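Coordinate analysis (summary)
What follows is each chain in one-letter form.
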Amino acid sequence: MTTALPPALRPWAAQLSLFPEDLARHLGPHVARLSAAVGTLRPRSESEGGEPQGYDGLSRRGPFDRLLVSEWLWALEAPEELVRRAAYGELSFLKPAFRQPQGARRTVVLLDVGPDQLGLPRIAHLALLVVLARRAEAAGAAFTWGALQTDPARATHAGLGIPSLHAWLNARSTTPASSLHLAAWREALDLSRAPEDVWLVGSSRL
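Predicted model only: the values in this text are computed from it and were never measured.

Right, let's talk about the overall build of the protein for a bit. Per the secondary structure count, the protein includes eight helices and six strands. When the helices and strands of the protein are placed in sequence order, the string is α-α-β-α-α-β-β-α-β-α-β-α-α-β. Within the protein, buried positions represent 33% of all 206 residues. Contacts in the protein between residues at least 24 apart in sequence constitute 73% of all its contacts with a sequence separation of at least 6. A total of about 12,100 Å² of accessible surface is found on the protein, and carbon and sulfur atoms cover 58% of it.

Next comes the structure, spelled out in structure tokens:
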């Protein structure tokens, strides 16, 4: 278990504690770089999409049926100023709010464990699992993952733990990932249901 991680790696301390300290320190720089590239999982908001739910603040853009009543005074008092303000984007419009679906969020990660992913790619897979597990945790999302070439009914992992990592290490396959593998996971995890945060990890062919 890791006990003395550098300060830069402490955001992933819980996930890196699953590994021996020397391995955690080796993975750390890869984790930090991948995290910067992947970014955060943005929390759901009521700023766009979904069903209309009144108004939430003001905006400088919008249709004229949402123009503030006070702005219409320019049409009566100074029509030319109204035109100028419209041309320069200075008018104020009501900003609509939307109700978002409230279903549980989840991040799904499917990793290719075929022959073209042996060696260094597996290290990248491991670092990415750490990054995405922490990313999901920070957004309050469930974290589900598995190896594409395995049976979803027996090899779907929830969260990141030592038993699941051992299962992934032993899931090496001589069979390249195919559309059949992906179809099986899509059906088992109901990946057609939106919104989802789904990652396919492997070569560009995948």
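All chains considered together, the criterion is met by two aromatic pairs. Seen from their ring centres, Phe64 and Trp72 are 6.1 Å apart, and the 55° between their planes marks the pair as tilted. Accessibility expressed as a relative area gives 43% for Phe64, which makes it partly exposed. With relative accessibility at 40%, the residue Trp72 sits in the partly exposed group. Where Phe64 meets Phe93, the ring centres are 5.8 Å apart and the plane angle is 80°; that geometry is what we call edge-to-face. Taken together, the positions of Phe64 in the loop between strand E1 (51-59) and helix H3 (69-77) and Phe93 in strand E2 (residues 93-99) put the pair 29 residues apart, joining distant regions of the chain. Here the guanidinium or amino end of Arg122 rests over the ring plane of Trp168, the centre of that ring lying 4.2 Å away.

Turning next to the side chain of Asp112. Inspection of the secondary structure assignment puts Asp112 in the loop between strand E3 (106-111) and helix H5 (120-138). With a relative accessible area of 0%, Asp112 lands in the buried category. For Asp112, the side chain forms a polar contact with the side chain of Gln149, separated by 2.7 Å. Not counting residues up to four positions away in its chain, the partners in contact with Asp112 are Gln117, His125, Leu148, Gln149, Ala177, Val201, Gly202, Arg205 and Leu206.

In the Ramachandran plot, Asp190 falls in the positive-phi region, its phi being about 55° despite a non-glycine side chain. Inspection of the secondary structure puts Asp190 in the loop between helix H8 (179-188) and strand E6 (197-201).

Consecutive side chains along a regular strand alternate between the two faces of the sheet. In terms of burial, strand E4 (residues 142-147) is a largely internal element, five of the six residues being buried. Here six bridges tie E3 to E4, and the two strands are oriented parallel to one another. In the sheet register, Leu111 faces E4, and the bridge partner there is Ala147.

It is worth spelling out the packing of H5 against helix H7 (residues 162-169) at this point. For the pair H5 and H7, interaxial distance at closest approach is 12 Å and the crossing angle is 155°. Taken together, the axes of H5 and H7 are roughly antiparallel relative to one another. Crossing handedness for the pair H5 and H7: right-handed. Residues Arg122, His125, Leu126 and Leu129 of H5 form the contact with H7, whose own contacting residues are Leu165, Trp168 and Leu169.

Let us now look at H7. Of the residues making up H7, those classed as buried are Ser164, Leu165 and Trp168. Along the long axis of H7, the arc covered by the buried residues comes to 100°, so they all point the same way. On its buried face, H7 is in contact with E3, H5, E4 and strand E5 (157-158).

With that settled, the discussion passes to the pattern of salt bridges. Under the definition given, this model contains nine salt bridges. The salt bridge partner of Glu137 is Arg134, with a shortest N-O separation of 3.5 Å. Within this pair, Glu137 and its partner Arg134 are both found in helix H5, separated by three residues, close to a single helical turn. Between Arg154 and Asp151 there is a salt bridge, with the nearest N and O atoms lying 3.6 Å from each other. What makes Arg154 exposed here is its relative accessible area of 70%.

Cut-off values and rules
- Residues numbered from 1 in each chain as written.
- Predicted model: local features only at pLDDT ≥ 70, side-chain atom pairs only at ≥ 80, totals over all residues.
- Heavy atoms only, no water.
- Helix = DSSP H or I, 4+ residues; strand = E, 2+ residues; numbered from the N terminus.
- Buried < 20%, exposed > 50% of the residue type's maximum accessible area, 1.4 Å probe, protein only.
- Contact = heavy atoms within 4.5 Å.
- Areas by Shrake-Rupley, 256 points an atom, 1.4 Å probe, with all protein chains shown as cover.
- Phe/Tyr/Trp six-rings, centres within 6.5 Å; stacked < 30°, edge-to-face > 60°.
- Lys NZ or Arg CZ within 6 Å of the ring centre and 35° of its normal.
- Polar contact = N/O pair within 3.5 Å; in protein donor to acceptor, adjacent residues only side chain to side chain.
- Pairing = 2+ DSSP bridges.
- Axes fitted to C-alpha atoms, helices over the stretch in contact; angles between N-to-C directions.
- Parallel < 35°, antiparallel > 145°, perpendicular 65-115°, else oblique.
- Left-handed = near helix turned anticlockwise from the far one by under 90°.
- Arc of directions from axis to C-beta.
- Salt bridge = Lys/Arg side-chain N within 4 Å of Asp/Glu carboxyl O.

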